[in-house]
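# Notes for the structure review
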Amino acid sequence: MSMSLENIKHILVINLKYLGDSIWMLPFVENLKINMPDIKLSVLVNKGTDAFFYNCPAVDNVIPFPRNDIKNHWLGGIRFISFIRNLRKLKPDMVIDLTESDRATILNYCSGAKIRISYKNEKSWRQWLLTHNIHSKINSKHMVDYYLDVLRELGLKIYDDKIKINLPEDAFYSLKNKFPIVFKHDTTKKKVIVHPGARNALRQWGAENFALLCDALSDICKIFLVAGPSEGDVLNNVVRFMKKQPEICSNELNLYEFAALCELSDMFIGNDSGPIHIASAKTFTVGIYGPTIPEFVSPWTDRKLIFDCGPLPCRPCEQDKCLNTEFKACLESIKPEAVIEKIMETLKTL
């Protein structure tokens, strides 16, 4: 794909996926702005996945897409049309869609941009609404690299592919007001975040496993047990199996406070979920992977430890239901004793 970028003044980037996808997108927008420092760069992502773009110096304008209001409401169609009308007022010269979905393609086309770019990974009516195609193949490389392939096909340079998350100063003040124990100096114990939740239940290692892990680490670590706002039941199930109380047990941290907690901690342990990718930018990260393939979606960092069941005929999984004869065989094969032993060894090096 070749084109002249000289007359491009405003680029809109669309990614209507999940939190982890927005985190993986940060190196993309930063490298795009380094290559084209004079452009206005707008980012359109699902509401709830937009937090870290507001403090990203490369991004000039953040547009949260009200996915739930449009998808789950009888006025959704009217609201979608209203959103498109406001989008057209931005008048971008170029739209880059990283989503590969019907809704994102419609927004791409209706933006009014003369240059409309997305991937070409399937035969679809969506291709007719684009002006240029990216030929990188999904599930052939890590998603961060997959997004960066767009810049490569545009003839742009990749300067730095690290994920950087900038936080407002009040994130630390807010965290301190909620949990002052995080800020207490203690050289005898490591601070370890444990996140047992995940968007899909098939990705969750299990309450009993996480409880065993927390209890085993509690003698040498301060355990910060956290989860998302809708995962209170997940936390309660873990605590129910625990013999020792964690220093923190909360599902009330916002994304800024959670990232601040990661920055102040020595290790994060969790399933394949959005928070693990936030943590990877701030601390050493331990991931427990089942349905998905770590090669493509693991934390984008060298400071990590990944537990993975290895090849199974059902992996990667569509995650709507388990198709294996043994339910969740991918995660059941990852035994807590082995995880605890390896984490103990790793903590000694941190």
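Structure shown above.
Residues numbered from 1 in each chain as written. Predicted model: local features only at pLDDT ≥ 70, side-chain atom pairs only at ≥ 80, totals over all residues. Heavy atoms only, no water.

### Digging into the packing of helix α4 (residues 76-88) against helix α5 (residues 102-110)
- Across the interface, α4 lies against α5 with an axial gap of 9 Å and an inter-helix angle of 40°. Our classification of the angle between α4 and α5 gives oblique. Judged by the sense of rotation from one axis to the other, the crossing of α4 with α5 is right-handed. For the pair α4 and α5, the contacting residues are Phe 80, Phe 83, Ile 84, Leu 87 and Arg 88 in the first and Arg 103, Ile 106, Leu 107 and Cys 110 in the second.
- Counted by class, the contact of α4 with α5 contains seven nonpolar, no polar and two charged residues. (Axes fitted to C-alpha atoms, helices over the stretch in contact; angles between N-to-C directions. Helix = DSSP H or I, 4+ residues; strand = E, 2+ residues; numbered from the N terminus. Parallel < 35°, antiparallel > 145°, perpendicular 65-115°, else oblique. Left-handed = near helix turned anticlockwise from the far one by under 90°. Contact = heavy atoms within 4.5 Å. Nonpolar A, V, L, I, M, F, W, Y, C, P; charged D, E, K, R; others polar.)

### So, the state of the cysteines
- For the coordinates displayed, the defined rule picks out zero disulfides.
- Lacking any disulfide linkage, Cys 56 is separated from the closest cysteine sulfur, that of Cys 262, by 18 Å. (Disulfide = S-S within 2.5 Å.)

### Side note on the pattern of salt bridges
- Applying the stated criterion across every chain yields a total of 14 salt bridges.
- Across the salt bridge formed by Lys 222 and Asp 186, the nearest N and O atoms sit 3.8 Å from each other. In this pair, Lys 222 is assigned in strand β8 (residues 221-226) and Asp 186 in the loop between α7 (170-178) and β7 (190-195), connecting sequence segments 36 residues apart.
- Note on Asp 186: relative accessible area 26%, which makes it partly exposed.
- A salt bridge links Glu 263 to Lys 282; the shortest N-O distance between them is 2.9 Å. (Salt bridge = Lys/Arg side-chain N within 4 Å of Asp/Glu carboxyl O. Buried < 20%, exposed > 50% of the residue type's maximum accessible area, 1.4 Å probe, protein only.)

### Some thoughts on the nonpolar core
- Counting residues in each nonpolar core, the largest one holds 65 residues, and the members touching the most others are Ile 11, Phe 28 and Leu 32.
- With seven residues, helix α6 (residues 143-153) is the largest single contributor of residues to this core.
- Beyond its immediate sequence surroundings of up to four residues, Phe 28 is in contact with Val 13, Ile 96, Leu 98, Tyr 147, Leu 148, Val 150 and Leu 151.
- Listed in part, the 29 residues of the second largest apolar core include Trp 205, Cys 221, Ile 223 and Leu 331. (Core = buried A, V, L, I, M, F, W, Y, C linked by side-chain atoms within 4.5 Å.)

### Structural notes on the packing of aromatic side chains
- For the coordinates displayed, the defined rule picks out seven aromatic pairs.
- With 6.2 Å between their ring centres and 40° between their planes, Tyr 146 and Tyr 147 make a pair best called tilted.
- Among the residues examined, Tyr 146 registers a relative accessible area of 0% and is labelled buried.
- Between Phe 258 and Phe 268, the ring centres sit 6.0 Å apart and the planes meet at 80°, which makes this aromatic pair edge-to-face. Note that Phe 258 is positioned in helix α10 (residues 255-263) and Phe 268 in strand β10 (residues 267-271), a separation of ten residues in sequence. (Phe/Tyr/Trp six-rings, centres within 6.5 Å; stacked < 30°, edge-to-face > 60°.)

### Examining α6
- For α6, the buried fraction is high: eight of the eleven residues fall into the buried class.
- Buried within α6 are the following residues: Met 143, Val 144, Tyr 146, Tyr 147, Leu 148, Asp 149, Val 150 and Leu 151.
- Gly 155 occupies a position one or two residues after α6 and carries a positive phi of about 80°.

### A word on the pairing of β8
- Along β8, six of the six residues are buried, which leaves the element largely enclosed by surrounding structure.
- Burial along β8 is two-sided: Cys 221, Ile 223 and Leu 225 and Lys 222, Phe 224 and Val 226, pointing in opposite directions, are all buried.
- Across five bridges, the pairing between β7 and β8 is parallel. Considered in β8, the bridge of Lys 190 is made with Cys 221. (Pairing = 2+ DSSP bridges.)

### Here we look at the sheet that holds strand β1 (residues 10-15)
- Taken together, six strands build an open sheet; the order of strands is β3-β2-β1-β4-β5-β6 and the sheet is parallel. The open sheet has two edge strands, β3 (61-65) and β6 (132-134), and neither has a second partner. Neighbour to neighbour, the strand axes of the sheet diverge by 20° on average, direction disregarded.
- Here β1 pairs with strand β2 (residues 40-46) via six bridges, running parallel. Bridge pairing links Leu 12 to Ser 42 in β2.
- Relative to β2, helix α2 (residues 26-35) is tilted by about 170°, and along the sheet it contacts β1, β2 and β4 (94-97).
- In the packing of α5 onto the sheet, the strands contacted are β1, β2, β3, β4 and β5 (115-119), and the crossing angle to β4 comes to about 175°.

### So, the side chain of Thr 283
- Relative to the helices and strands, Thr 283 resides in the loop between α11 (274-279) and β11 (284-289).
- A distance of 3.4 Å separates the side chain of Thr 283 from the backbone nitrogen of Met 267, its partner in a polar contact.
- Ignoring sequence-local partners within four residues, the contact set of Thr 283 consists of Cys 262, Ser 265, Asp 266, Met 267, Phe 268 and Arg 303. (Polar contact = N/O pair within 3.5 Å; in protein donor to acceptor, adjacent residues only side chain to side chain.)

### Quick word on α10
- Residues Glu 257, Phe 258, Ala 259, Ala 260, Leu 261 and Cys 262 constitute the buried set of α10.
- Next to the buried residues of α10 lie α7, β7, β8, β10 and α11.
- The N-cap of α10, judged by a side-chain oxygen 3.0 Å from the amide nitrogen of Tyr 256 a few residues on, is Asn 254.

### Describing the sheet that holds β10
- In spatial order, the strands read β9-β8-β7-β10-β11-β12; together these six strands make up an open sheet with parallel pairing. At either end of the open sheet lies a strand with only one pairing partner, and these are β9 (248-250) and β12 (304-308). Neighbour-to-neighbour, the strand axes of this sheet turn through a mean angle of 15°, independent of strand direction.
- Two strands pair when backbone bridges link them, and β10 and β11 are joined in this way by five bridges, in the parallel orientation. Bridging across to β11, Asn 271 finds its partner in Ile 288.
- Across the sheet, helix α9 (residues 232-241) is in contact with β8 and β9; its angle to β8 comes to roughly 145°.

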